[in-house]
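Commentary on secondary and tertiary structure
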Amino acid sequence: MTQTTDAAATEAAALQDSVPGKRRRRRIHRAWFVAAVTFVTIIGAAAFRSLPGLLIDPLHEEFHWSRGTIGLAVSVNLALYGLTAPFAAALMDRFGIRRVVAVALIVIAIGSGATVWMTTAWQLLLCWGLLVGLGSGSMALAFAATVTNRWFTERRGLVTGILTAASASGQLIFLPVLSWIVSEHDWRPAAVTVALAALAVVPFVWLLLRDHPADVGLKPYGATEFVEKPPPVPGAARRTVKVLFSAARTGPFWLLAGTFAICGASTNGLIQTHFVPASHDHGMPITAAASLLAVIGVFDVIGTIASGWFTDRFDPRRLLAVYYALRGISLLFLPLLLAPSVHPPMIFFIIFYGLDWVATVPPTIALCREHYGDDSAIVFGWVLASHQVGAALVAFLGGVARDTFGSYDVMWYASGALCAAAALMALVIRRRPVVARTALA
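Residues numbered from 1 in each chain as written. Predicted model: local features only at pLDDT ≥ 70, side-chain atom pairs only at ≥ 80, totals over all residues. Heavy atoms only, no water.

Using the following cut-off: UniProt positions are given in the numbering used here, feature names are shortened, and annotations may be inferred rather than shown by experiment.
By the naming in an unreviewed UniProt entry, the protein goes by MFS transporter and is assigned to Streptomyces phaeochromogenes. In its Subcellular location (unreviewed entry) section, UniProt records this for the protein: "Cell membrane".

**Let's talk about the packing of helix α5 (residues 97-114) against helix α9 (residues 187-208)**
The cut-off we apply is this: Here the axes come from fitting lines to C-alpha atoms, over the contacting stretch only for helices, and the angles between their N-to-C directions go from 0 to 180 degrees. Under the DSSP-based scheme used, a helix requires at least four consecutive residues in state H or I and a strand at least two consecutive residues in state E, with every element numbered from the N terminus. Geometric relationships in this document are graded by angle, where less than 35 degrees denotes roughly parallel, more than 145 denotes roughly antiparallel, 65 to 115 denotes roughly perpendicular, and other angles denote oblique. Note on convention: near helix rotated counterclockwise from far helix by under a right angle means a left-handed crossing. Clockwise means right-handed. In what follows, a contact means two residues having at least one pair of non-hydrogen atoms within 4.5 Å. Here the nonpolar group is Ala, Val, Leu, Ile, Met, Phe, Trp, Tyr, Cys and Pro; Asp, Glu, Lys and Arg are the charged ones; every other residue, Gly included, is treated as polar.
Look at α5 against α9: their axes get within 8 Å of each other, and the N-to-C directions meet at 165 degrees. What the angle tells us is that α5 and α9 run roughly antiparallel. Where α5 crosses over α9, the handedness of that crossing is left-handed. Packed against α5, whose contacting residues are Arg98, Arg99, Val101, Ala102, Leu105, Ile106, Ile108, Ala109, Ser112 and Gly113, the element α9 presents Ala191, Val194, Ala195, Ala198, Leu199, Val201, Val202, Val205 and Trp206 at the interface. Here the residues of the contact of α5 with α9 are counted per class, giving 15 nonpolar, two polar and two charged.

**Some details on the confidence of the model for the protein**
Just so we agree on the cut-off: Scored between 0 and 100, pLDDT is the confidence that the predictor attaches to each residue.
On average, residues of the protein score 80 in pLDDT, and 88% of them reach the 70 mark or higher. When the elements of the protein are averaged for pLDDT, helix α1 (residues 2-18) gives the smallest value, 45, and helix α17 (residues 409-428) the largest, 92. Counting contacts from residues 1-24, a segment whose pLDDT is below 50, to residues more than four positions away or on other chains yields four contacts. The model gives residues 434-441 a pLDDT under 50, and that stretch makes eleven contacts with residues more than four places away or in other chains.

**Looking at the packing of helix α11 (residues 251-281) against α17**
Each packed pair of helices is defined by two parameters, the angle between the axes and the distance between the axes. Across the interface, α11 lies against α17 with an axial gap of 9 Å and an inter-helix angle of 155 degrees. Considered as vectors, α11 and α17 are oriented roughly antiparallel to each other. Handedness of the crossing formed by α11 with α17: left-handed. Listed contacts from α17 to Leu255, Gly258, Thr259, Ile262, Ser266, Leu270, Ile271, Phe275 and Ala278 of α11 are Met411, Trp412, Ser415, Leu418, Cys419, Ala422, Met425, Ala426 and Val428. Class assignment for the residues of the contact of α11 with α17 results in 14 nonpolar, four polar and no charged.

**What to know about the packing of aromatic side chains**
Note the cut-off: Aromatic contacts are taken between Phe, Tyr and Trp rings whose centres are within 6.5 Å, Trp giving its six-membered ring; a plane angle under 30 degrees counts as stacked, one over 60 as edge-to-face, and the others as tilted. We call a residue buried when its accessible area falls under 20% of the maximum for its residue type, exposed when it is over 50%, and partly exposed in between, using a 1.4 Å probe and counting protein chains only. Definition used: whenever NZ (Lys) or CZ (Arg) falls within 6 Å of the ring centre and also within 35 degrees of the ring normal, the charge is taken to sit over that ring.
Using the criterion set out here, one finds twelve aromatic pairs in the structure. Each ring, one from Tyr408 and one from Trp412, has its centre 6.2 Å from the other, and the planes form 40 degrees; the classification is tilted. Here the two residues Tyr408 and Trp412 agree in accessibility, since each one is buried. Residue placement shows Arg98 over the ring face of Trp206; its charged tip is 4.7 Å from the ring centre.

**What to know about the nonpolar core**
Counted only if it meets this: Among buried residues, those of type Ala, Val, Leu, Ile, Met, Phe, Trp, Tyr and Cys that are joined through side-chain atoms within 4.5 Å constitute a nonpolar core.
Membership of the largest hydrophobic core comes to 85 residues, with the highest contact counts inside it found for Leu51, Leu54, Leu59, Ile271, Phe275 and Trp412. Considering each element in turn, this core owes the most residues, twelve residues, to α11. Leave out the neighbours within four places in its chain, and Leu54 touches Leu175, Leu178, Ser179, Val182, Val276, Ile286 and Ala290.

**What about the state of the cysteines?**
We count it as follows: Defined by distance alone, a disulfide is two cysteine sulfur atoms within 2.5 Å.
Per the counting criterion, the structure on display carries zero disulfides. With no disulfide of its own, Cys419 has Cys263 as its nearest cysteine by sulfur position, at a separation of 8.0 Å.

**Quick word on a nonpolar patch on the surface**
To keep it simple, the criterion reads: Only residues whose relative accessible area exceeds 30% and that form no salt bridge are eligible for patches; like-charged ones are grouped when within 9 Å, while nonpolar side chains (Val, Leu, Ile, Met, Phe, Trp, Tyr) are grouped when within 5 Å. Values of accessible area rely on a 1.4 Å probe in the Shrake-Rupley scheme; residue burial ignores everything except the protein chains shown. The term salt bridge refers to a side-chain nitrogen of Lys or Arg lying within 4 Å of a carboxyl oxygen of Asp or Glu.
Together, Val322, Leu326, Ile329, Leu332, Phe333, Leu336 and Tyr413 make up a nonpolar patch on the protein surface, roughly 670 Å² of accessible area in all. A total of five residues in the nonpolar patch trace back to one element, the largest contributor, which is helix α13 (residues 316-333). Among the secondary structure elements, Ile329 is positioned in helix α13. Ile329 gets classed as partly exposed once you look at its relative accessible area, which sits at 46%.

Shown next as structure tokens:
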């Protein structure tokens, strides 16, 4: 009798589930909400990255500093952005993602806000170079890699692409606004806007972001088993350096670091820092040039998310080779496209370059994860450091080239050649056995 009753109850439950409107709704995994908060956080932090290229001409005109001097401050910012990233990843393991990111945003706000009172070049180095550089380094792509590694075991490539695209989305939002503020109200209100944007994100981080799925009793997205939250890892700095020395004994690390240094040189160091003043040299208004950079941000979002999707399905090495080769070709044509007004060929360049802007990030993170496992976020932090060192070097050399030759043409051609070298380097990276790559599918 009992078995008959149980069978009838089971059949009734099945029939109830089959009735429209009676099915149990599938809840959205908390990991997607954490990814959303991370996305918004990176968007808010992206405001400060939109400003340096807009400040070169105003600071040159007001303080009569050379473009090389201003470029040096930007290069310090970019270098610290990269060199801080691996230590920030280790600090997140020690103190938690939420605390590290909240403090970083406050440091960014202080550094950007303090620039309104500067009168000498060393103050620019201190505020924009040191403080904003340290704060931004803690908000670097290692942050996105840490969130992805902890909260997701499936769709990692896609999520990495989405979070990487957040920086471009922030550029899209803030570049037109900041360029208008600089043109109409001077550069100081723009610096204050950046400070306020960073502060506005802090409450979202503190109230909504969580360090690990175990904090809310969940498995990572796509995981079949519950994952215990690892204990805090002491000695963050020691661990960061130890991981560096361990990774430095492997060939893939140097190839990834080399290709990513060229990536930084050809994006943050060259286009993001010098595209606006280079366009202005050819008679294009600052607001028009900044709007073109913002359009790059639109297509960057599309290209990066697509790259994440491709990374889940194709060989990351081949993807990197294609991305760098196409980027190099586009840079070789750029000197022929700069003009007082925007023509269709320039729009084509902007779309083409935007799709490729940070499409290199998802396959690079995938290769780091493949080769270095649990230490991959810290290893990627060091790879990102090379990205920013390359960006810093070209940000400085671009200003020097402009002061010396009167144009940026030599920088466009040199960067195009470097991208060709990066494409070849990507193909040399060895793959690990298929077993080690199953988590990426």
